[in-house]
Amino acid sequence: MDAVSRRMWLGGAGAAVATSMVPANLFAQDADARLLGHVAPEFREAAKALIQMDGQRPPFSRETLPAIRKGGDAYVQPPLDAPAWQERVIAGPEDTRLRLFVINASPGASKPAILHTHGGGYITGSAKSDIRYLQAIAQRLDCVIVTVDYRLAPETTWRGSVEDNHAGLKWLYDNAAAIGADRARIAVMGESAGGGHAALLALAARDRGEVPLVFQCLVYPMLDDRTGTRVIPPNPVGELLWTGEANRFGWEAFLGMPPGTGSVPLAAVPARRMDLAGLPPAWIGVGGIDLFVDEDVDYAQRLLAAGVPTQLLVIPGAFHGFYIMLPQAPLSRQFYESMLAALARAFGMAV
């Protein structure tokens, strides 16, 4: 709540002198209540927990990043018993070794396939942490999924992680027969920063012409470095889980330079790419109070203007990460089923 709002809440400008007499936690409680009023009822208890956690989380910095990464590991769930998964280590770019996880491999079959890139603001997360989630998708769609454990920022910048993901896509394509994948039915998919990586991968695949894609599934994707710097969304957008502060740090680590400036390389930022023609059809889903809602809606509109078939789903009152956090909530189920139906259509399956 800014100073003007506090004065109005206290009874007008003449009461400004009284602000120092009001406990600070009353302002926080009032701001929290206003924020929760914008959250869909089925997500409010989770939102309360997020507000409490946000107050305890250290600010993002290179010094706090190891602890933040370690804290995220505590929420990882173990894989399911089926479908089966396996770890593969392949030659990566720049003489590196790249770890992949292959889910539901079916040698001799010809199943649709997904190249998946995990989320985490470009700075956290791992491919292994998403295995359970991806097993459920592989089972529903009877597809093969390869998820890439790409290098994180700031240890590498966008060039390194984009090349890692392209190497994973190329491996999937070159080894399609061995894992039971159909080369003619490959999609890219990711959540948050993984959605940003999936968008970058779709652009790279188009530009390099080595791997044809049938679809891009972008789940509340992180697409524009200007959000939180040059573009400040209005409250309550971006107040829960992933904020403008976090976004600035994530993009600066990923880019290797301050975000939001004219010096940012266009190749690193999907929203800055001017030519979107020739990309595969897309599904984009996002919450109505997610920090990324405006950039995601804008990207969907630009894809449509470029002649790319695109489905956009915005869930009112939903914050960043809602459907992973609360998968059984009715709005989360709507979101998930829409995403799966879009993938099924892209793969030529009955919905």
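Note that this is a predicted model, so its numbers are computed, not measured.

S.K.: Quick one: what's the story with the overall build of the protein chain, residue by residue and with numbers?
M.R.: Per the secondary structure count, the protein chain includes twelve helices and eight strands. With the C-alpha coordinates of the protein chain rotated into their principal frame, the extents come out at 75 × 45 × 40 Å. In the protein chain, the proportion of contacts linking residues at least 24 apart, taken out of those at least 6 apart, comes to 75%. Approximately 15100 Å² of the protein chain is accessible, and the part contributed by carbon and sulfur atoms is 55%. Here the protein chain contributes 31 positively and 35 negatively charged side chains, and the mean placements of these two sets differ by 1 Å.

S.K.: Lay out the pattern of salt bridges in plain terms, naming residues and giving numbers.
M.R.: What the rule picks out here adds up to 16 salt bridges. As a salt-bridge pair, Arg99 and Asp149 come within 2.9 Å of each other at their nearest N and O atoms. In this pair, Arg99 is assigned in strand E2 (residues 97-103) and Asp149 in the loop between strand E4 (144-148) and helix H6 (158-174), connecting sequence segments 50 residues apart. Exposure remark for Arg99: the relative accessible area of 28% places this residue in the partly exposed category. On the basis of relative accessible area, Asp149 is assigned to the buried category, the value being 18%. In this structure, Asp142 and Lys111 form a salt bridge, with 2.8 Å as the shortest nitrogen-oxygen distance. Of this pair, Asp142 sits in the loop between helix H5 (131-141) and E4 while Lys111 is found in strand E3 (residues 111-117), placing the two residues 31 residues apart along the sequence. Residue Asp142 is classed as partly exposed on the basis of its relative accessible area, which comes to 40%. Bridged by salt links that share partners, the residues Glu87, Arg99 and Asp149 form one connected network.

S.K.: Describe the layout of surface pockets, listing the residues and the values that go with them.
M.R.: In this approach, a probe sized like a water molecule rolls over the atoms, and the result shows the empty space that is left. Of the voids in this model, the largest pocket is the one considered here, and its volume is about 1900 Å³. Around the largest pocket, the lining comprises 47 residues; the ones closest to its centre are Gly72, Tyr75, Leu241, Ile324 and Met325. The class makeup of the residues in the lining of the largest pocket is 22 nonpolar, 16 polar and nine charged.

S.K.: Tell me about the packing of H6 against helix H8 (residues 193-208), residues and numbers included.
M.R.: Look at H6 against H8: their axes get within 10 Å of each other, and the N-to-C directions meet at 65 degrees. Our classification of the angle between H6 and H8 gives roughly perpendicular. For the pair H6 and H8, the crossing hand works out as right-handed. Residues Ser161, Val162, Glu163, Asn165, His166 and Leu169 of H6 lie in contact with H8, whose contacting residues are His197, Leu200, Leu201, Ala204, Ala205 and Arg208. Residue composition of the contact of H6 with H8, grouped by class: six nonpolar, four polar and two charged.

S.K.: I'd like to hear about the pairing of E2, residue by residue, with values.
M.R.: In summary, the side chains of a regular strand alternate between the two faces of the sheet. In terms of burial, E2 is largely enclosed, as five of its seven residues are buried. Both strand E1 (residues 85-91) and E2 contribute to a ladder of seven bridges, which runs antiparallel. Within E2, the position partnered with Arg88 by the bridge is Leu100. A loop of five residues connects E1 with E2, the two strands running antiparallel in sequence, and Glu94 in this loop sits at a positive phi of about 55 degrees. Where E2 meets E4, four bridges bridge the pair, whose relative direction is antiparallel. Bridge pairing links Phe101 to Thr147 in E4.

S.K.: Hey, could you go over the environment of Ala113 for me, with residue numbers and the actual values?
M.R.: When you line up the elements, Ala113 lands in strand E3. Spatially, the C-alpha atom of Ala113 lies 6.3 Å from that of Arg185, the residues being 72 residues apart in sequence. Among residues more than four places away in sequence, those in contact with Ala113 are Val144, Leu172, Ala181, Arg185, Ile186, Ala187 and Phe347.

S.K.: Residue-level account of the sheet that holds strand E5 (residues 181-191), with values.
M.R.: Overall, mixed pairing links the eight strands, which are arranged E1-E2-E4-E3-E5-E6-E7-E8 in an open sheet. A strand with exactly one partner marks an edge of an open sheet, and here the two such strands are E1 and strand E8 (310-315). Geometrically, the sheet is characterised by an average inter-axis angle of 20 degrees between neighbouring strands, direction not taken into account. One ladder, built from six bridges, connects E3 with E5; its direction is parallel.

Thresholds applied
Residues numbered from 1 in each chain as written. Predicted model: local features only at pLDDT ≥ 70, side-chain atom pairs only at ≥ 80, totals over all residues. Heavy atoms only, no water. Helix = DSSP H or I, 4+ residues; strand = E, 2+ residues; numbered from the N terminus. Contact = heavy atoms within 4.5 Å. Areas by Shrake-Rupley, 256 points an atom, 1.4 Å probe, with all protein chains shown as cover. Lys, Arg positive; Asp, Glu negative; His and termini not counted. Charge placed at Lys NZ, Arg CZ, Asp CG, Glu CD. Salt bridge = Lys/Arg side-chain N within 4 Å of Asp/Glu carboxyl O. Buried < 20%, exposed > 50% of the residue type's maximum accessible area, 1.4 Å probe, protein only. 1 Å grid on protein atoms, 1.4 Å probe; cavity = no way out; pocket = protein on both sides within 12 Å on 5 of 7 lines; lining within 4 Å. Points joined across faces, edges and corners; volume = space filled by probe spheres on them. Nonpolar A, V, L, I, M, F, W, Y, C, P; charged D, E, K, R; others polar. Axes fitted to C-alpha atoms, helices over the stretch in contact; angles between N-to-C directions. Parallel < 35°, antiparallel > 145°, perpendicular 65-115°, else oblique. Left-handed = near helix turned anticlockwise from the far one by under 90°. Pairing = 2+ DSSP bridges.

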